[in-house]
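# Summary of structural features
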Amino acid sequence: MNNFFEQLNRDLKQSNGALPRLIVDDQALEQNLQYVAKKLKYGSHLQPRIVVKSLACLALLKTISLKLSTQRFMVFHMPQLLPILEHFSDVDVLFGKPMPVSTVQHFYAMNQNCRQADIQWLIDSKARLLQYLEVAKQFSLTLKINIEIDVGLHRGGVRSDFALIEILRLIEQNPEHLVFAGLMGYDAHVTKLPSVIKKIDVAYRESQDIYQNYKNIIQQQFPHLWRTDLCFNGGGSPTFYLHVEQSVCNDLSFGSMLLKPSDFDSDGLSVLQAALWISTPVLKVLPFTQLPGLEVLDKLPHSSKALFVYGGYWMAHYVYPRGIHPHALYGRSTNQEMVNVPKNTEIAVDDFVFLRPTQSEAIIPQFHKLYCYKNRDFEAWETFRE
Ligand SMILES: Cc1ncc(COP(=O)(O)O)c(C=O)c1O
């Protein structure tokens, strides 16, 4: 990895404008995509669905969509819906969280041309479905409805057979305005539980059993709503590797793992490579850290130099040069952060330091551009800022 950052440092210094940059390493992304494509071939019962919030950049989404031959997207943020509808010709959008009804209303009021768009609106309760039904009536629409089920994460959604049945009845009674599209059960808890509480395989099996039970209810009690093209969405990056082995779902969403920010370092995703970095220029190099008010310490021996970098305090860990870290007492800064590096580190003003984001969904929208680093060159891609 050291060679990678040394080369990147040289290439950044050759390129225009030394500002903090968000960088995607094309080679690592490519390898991650190859791994995912291979796994999906094996788990061929699963259609991939790209999580837009975690990869919020049109050019990146286009690259991934092409590589994985899918235009299924999971959208979490209303302003990100239109660009997806506009730039992909054969989209199938599923919302990953329920949208407030007024947002849905506003969307149809402002975008009459999207009446036919293939959107599965996610509802978590009968009350929300009743709200959406009113919107469908108001605009003379037939809304596709996907139902959020709680498969153990306990983030809301349907939690009982009765709740599902009530919702399905309401859909059945309003065929002019509502069409049942499927279920969404997110299982992020599966790999996050401490193993003393529950082992991964047990948690996964339990979540899958809950999912299967709801599928059975639909098939047995609502045969008119059952279709072979219903969307049974599940997964997420943390459980991708489990679903491709065996899953009751037919639609698998994932995003972050393709860039693998550090929150996604796990045994199940160990084959994947980190592909997202922040680079930022060094503004000042001081021989050691001086703490205001504690100048008496200046005379002590010092093992670190102090750097001041452009920006800072991102949701990210400093990774290069080796041994770089923020100072425990000096305080963090988003404007001009101080970091320490070992005294013998060769680094000068206008060199770059590197960080690895902990998440992609929080970091990408903080940058105007995502720079695709390929063959030692940079291509600037616009991100979704809103
Ligand atoms: C409903 C749902 N599905 C899937 C995902 C997975 O996204 P990622 O793979 O980027 O973690 C999320 C993440 O929040 C989610 O909320």
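Residues numbered from 1 in each chain as written. Predicted model: local features only at pLDDT ≥ 70, side-chain atom pairs only at ≥ 80, totals over all residues. Heavy atoms only, no water.

## Here we look at the site of the ligand
- Taken together, 17 residues surround the ligand, and among them Lys53, Ser54, Ser237, Gly255 and Ser256 come closest.
- Between an oxygen atom of the ligand and a main-chain N or O atom of Gly255, the distance comes to 2.8 Å.
- Isolated, the ligand exposes 390 Å² of accessible area, and the fraction of that covered by the protein chains is 95%.
- Using a 2 Å cut-off from the grid points, one finds that the ligand occupies the largest pocket.
- At the level of elements, β7 (178-186) and β9 (251-254) are the ones that each hand at least two residues to the shell around the ligand.
- Tallied by class, the residues present in the shell around the ligand amount to seven nonpolar, eight polar and two charged. (Near = heavy atom within 4 Å. Polar contact = N/O pair within 3.5 Å; in protein donor to acceptor, adjacent residues only side chain to side chain. Areas by Shrake-Rupley, 256 points an atom, 1.4 Å probe, with all protein chains shown as cover. 1 Å grid on protein atoms, 1.4 Å probe; cavity = no way out; pocket = protein on both sides within 12 Å on 5 of 7 lines; lining within 4 Å. Sits in = over half its atoms within 2 Å of the grid points. Helix = DSSP H or I, 4+ residues; strand = E, 2+ residues; numbered from the N terminus. Nonpolar A, V, L, I, M, F, W, Y, C, P; charged D, E, K, R; others polar.)

## Here's the deal with helix α2 (residues 26-42)
- Between its first and last C-alpha atoms α2 spans 24 Å; for 17 residues at 1.5 Å apiece the expected length is 24 Å, and the two agree.
- For α2, the set of buried residues is Asp26, Ala28, Leu29, Asn32, Leu33, Tyr35, Val36 and Leu40.
- Looking at the buried residues of α2, the elements they touch are β1 (21-25), β2 (47-51), α3 (58-68), α9 (240-243), β9 and β16 (369-374).
- N-cap assignment for α2: the residue whose side-chain oxygen lies 3.2 Å from the backbone N of Gln27 is Asp25. (Expected span 1.5 Å × (residues − 1). Buried < 20%, exposed > 50% of the residue type's maximum accessible area, 1.4 Å probe, protein only. Contact = heavy atoms within 4.5 Å.)

## Observations regarding the sheet that holds β2
- Ordered by their spatial adjacency, eight strands build a closed barrel running β2-β3-β4-β5-β6-β7-β8-β9, and the pairing between neighbours is parallel. Recorded for the sheet is a direction-independent mean angle of 30 degrees between the axes of neighbouring strands.
- Of the strands in this sheet, β5 (119-123) and β6 (143-148) are in contact with helix α5 (residues 101-110), which crosses β5 at around 160 degrees. (Pairing = 2+ DSSP bridges. Axes fitted to C-alpha atoms, helices over the stretch in contact; angles between N-to-C directions.)

## Considerations on the state of the cysteines
- The full count for this structure, using the stated rule, is zero disulfides.
- Free cysteine: Cys114, not disulfide-bonded; nearest cysteine sulfur from Cys231 at 20 Å.
- Since its relative accessible area comes to 7%, Cys114 is described here as buried.
- In this structure Cys231 is not part of a disulfide, and its nearest cysteine sulfur, from Cys249, lies 8.9 Å away.
- Residue class for Cys231 comes out buried when judged on its relative accessible area of 4%. (Disulfide = S-S within 2.5 Å.)

## Some remarks on empty space enclosed by the protein
- Considering all chains together, one arrives at two cavities of 30 Å³ or more under this definition.
- Each pocket or cavity is described by its volume, and for the largest cavity that value is around 60 Å³.
- What lines the largest cavity is simply Glu148, Ile149, Asp150, Val151, Leu153, His154, Arg155, Gly156, Met184 and Tyr186.
- Here the lining of the largest cavity is built from residues that sort into five nonpolar, two polar and three charged.
- Put simply, the second largest cavity is a space of about 30 Å³.
- Lining the second largest cavity are Val151, Gly185, Asp187, Ser207, Gln208, Tyr211, Gly234, His243 and Cys249.
- For the lining of the second largest cavity, the element with the most residues is helix α8 (residues 200-221), which contributes three residues.
- Broken down by class, the residue content of the lining of the second largest cavity amounts to three nonpolar, five polar and one charged. (Points joined across faces, edges and corners; volume = space filled by probe spheres on them.)

## Some words on the packing of helix α7 (residues 161-173) against α8
- Running from N to C, α7 and α8 point in directions that differ by 45 degrees, and their axes come no closer than 11 Å. When the axes of α7 and α8 are compared, the pair comes out oblique. The way α7 lies across α8 gives a crossing that is right-handed. Contacts from Asp161, Leu164, Ile165 and Leu168 in α7 reach Asn213, Tyr214, Ile217, Ile218 and Gln221 in α8.
- Looking at the contact of α7 with α8 residue by residue, the class counts come to six nonpolar, two polar and one charged. (Parallel < 35°, antiparallel > 145°, perpendicular 65-115°, else oblique. Left-handed = near helix turned anticlockwise from the far one by under 90°.)

## Re the pattern of salt bridges
- The final tally for this structure, using the stated rule, is 18 salt bridges.
- Residue Arg49 pairs with Asp92 through a salt bridge whose shortest N-O separation is 3.3 Å. With a gap of 43 residues between them, Arg49 in strand β2 and Asp92 in strand β4 (residues 92-95) connect regions that are remote in the sequence.
- By relative accessible area, which is 0% here, Arg49 ends up buried.
- Where Lys126 meets Glu166, a salt bridge forms, and the shortest distance between an N and an O atom there is 3.4 Å. Of this pair, Lys126 sits in helix α6 (residues 126-138) while Glu166 sits in helix α7, and the two are 40 residues apart along the sequence.
- Owing to a relative accessible area of 26%, Glu166 belongs among the partly exposed residues under this scheme. (Salt bridge = Lys/Arg side-chain N within 4 Å of Asp/Glu carboxyl O.)

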